[in-house]
Amino acid sequence: MSSEILPAFSETSNVERKQDLNEDQEENQKPGLGEGFEPISKRQMKKLMKQKQWEEQRELRKQKRKEKRKRKQLERQCQLESNSEGSDRKRIRRDVVYSPLRLIIDCSFDSLMVLKDIKKLHKQIQRCYAENRRALHPVQFYLTSHGGQLKKNMDENDKGWVNWKDIHIKPEHYSEFIQKEDLVYLTSDSPNVLKELDESKAYVIGGLVDHNHHKGLTYKQASEHGIDHAQLPLGNFVKMNSRKVLAINHVFEIILEYLETRDWQEAFFTILPQRKGAVPTDKACESSSHDKKFTRVEGGLNSDSSEEENRNELDSPHKEEKQDKENSTESTVNSILH
């Protein structure tokens, strides 16, 4: 009995397997989307989905293109307006008249400065360069004896200096290419006072930031080499209770301002920072006469012993005001650099 059942069971399982194989073949032979009866891979399915999304977003893309065109039109309009303003600036720039005056920063004091002061010198030179580029009457700007610590610092921190325009940067000393009779060394220690600038001359500014450690050095060198020297007429227009020593960029900017205005007083008080506490000489004279008058009043009060308390009340605030002024002047003068 068991032998009869086993053949029947095996025949039944074989029939089922054949049916499964036929179903698989029919499933594989079902037509794909747009590709006849070939099966569709996952990559092809992704492509079909992307194509479908592309078709669905057609209108959205049109709208974005319209917005982009409008945005570009607005940008072009703004650019035209800015160009019209720029053309005005260019017209102003074309009105610039270059001065034949040569202004030299003498960088031959490199070995006398520490790195901190070299960096300050570099910043002051940058300021001079920028102001000369903006000036209505720019000078012929020279940077001489360029090398050593200064050049190294500029190479490391300001590589763009090699592309500076309207400036002559030379490793040579200024005396090697400018005639001695054309030179005027600007130094606050000189007894000569400039009345006006001779634009046929070459004026030299000492590139020395030393916090007054080398007083009179530039004047001494100019005298030893037989170079004419002078100081700006600062004392004729400005009252300062200390040495009239200015930063390099301040001297440079004052000369640029004078070339534009031809007025020393306006040039000084346009450029000098308020922290220096400088006042015009006429106001200083008025203040001096007021102090003398006040002293005479004190003398009169001293003759009357009954008014001693009134004299002290007047004297005390005056002393405090004068002391505050002196302290302010000392603090500003101490910050002045060569």
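All values reported here derive from a predicted model rather than from experimental measurement.

Peer 1: Tell me about the nonpolar core, and name the residues and values.
Peer 2: A general tendency of soluble globular proteins is for nonpolar side chains to be buried together. One finds L197 and I254 to be the most contacted residues of the largest nonpolar core, which totals 57 residues. Per-element accounting of this core gives the leading share, eight residues, to helix 8 (residues 248–261). If sequence neighbours within four positions are ignored, I254 has contacts with L232, L246, W264, A267, F268, I271 and L272.

Peer 1: If you had to explain the UniProt feature "active site" (unreviewed entry) in the protein chain to someone new, which residues and values would you point to?
Peer 2: The UniProt feature table records "active site" (unreviewed entry) at D210. Among the residues examined, D210 registers a relative accessible area of 2% and is labelled buried.

Peer 1: Explain the packing of aromatic side chains to me, and be specific about the residues and the numbers.
Peer 2: For the coordinates displayed, the defined rule picks out seven aromatic pairs. Aromatic side chains Y129 and W164 sit 4.4 Å apart centroid to centroid with 10 degrees between the ring planes, which places their arrangement in the stacked category. Here the residue Y129 occupies a position in helix 4 (residues 115–134), and W164 occupies one in the loop between helix 5 (148–157) and strand 3 (167–169), the gap between them amounting to 35 residues. By relative accessible area, W164 is classed as buried at 16%. Cation over ring: R61 sits above W54, and NZ or CZ is 3.4 Å from the ring centre. Over the ring of F177 we find K170; its NZ or CZ atom is 5.3 Å from the centre of that ring.

Peer 1: Quick one: what's the story with the sheet that holds strand 2 (residues 140–144), residue by residue and with numbers?
Peer 2: On the basis of which strands lie adjacent, the open sheet formed by six strands has the order 3-2-1-5-4-6 and parallel pairing. Two strands in the sheet have a free side with no partner beyond their single neighbour: strand 3 and strand 6 (228–230). The average angle at which neighbouring strand axes cross in this sheet is 25 degrees, direction not considered. Where strand 4 (residues 183–186) meets strand 5 (residues 202–206), four bridges bridge the pair, whose relative direction is parallel. Across the sheet, the residue bridging to Y185 is V204, located in strand 5. Lying on the sheet, helix 6 (residues 217–224) is in contact with strand 4, strand 5 and strand 6; it crosses strand 6 at an angle near 155 degrees.

About the thresholds
- Residues numbered from 1 in each chain as written.
- Predicted model: local features only at pLDDT ≥ 70, side-chain atom pairs only at ≥ 80, totals over all residues.
- Heavy atoms only, no water.
- Core = buried A, V, L, I, M, F, W, Y, C linked by side-chain atoms within 4.5 Å.
- Buried < 20%, exposed > 50% of the residue type's maximum accessible area, 1.4 Å probe, protein only.
- Helix = DSSP H or I, 4+ residues; strand = E, 2+ residues; numbered from the N terminus.
- Contact = heavy atoms within 4.5 Å.
- UniProt positions renumbered as here; feature names shortened; annotations may be inferred.
- Phe/Tyr/Trp six-rings, centres within 6.5 Å; stacked < 30°, edge-to-face > 60°.
- Lys NZ or Arg CZ within 6 Å of the ring centre and 35° of its normal.
- Pairing = 2+ DSSP bridges.
- Axes fitted to C-alpha atoms, helices over the stretch in contact; angles between N-to-C directions.

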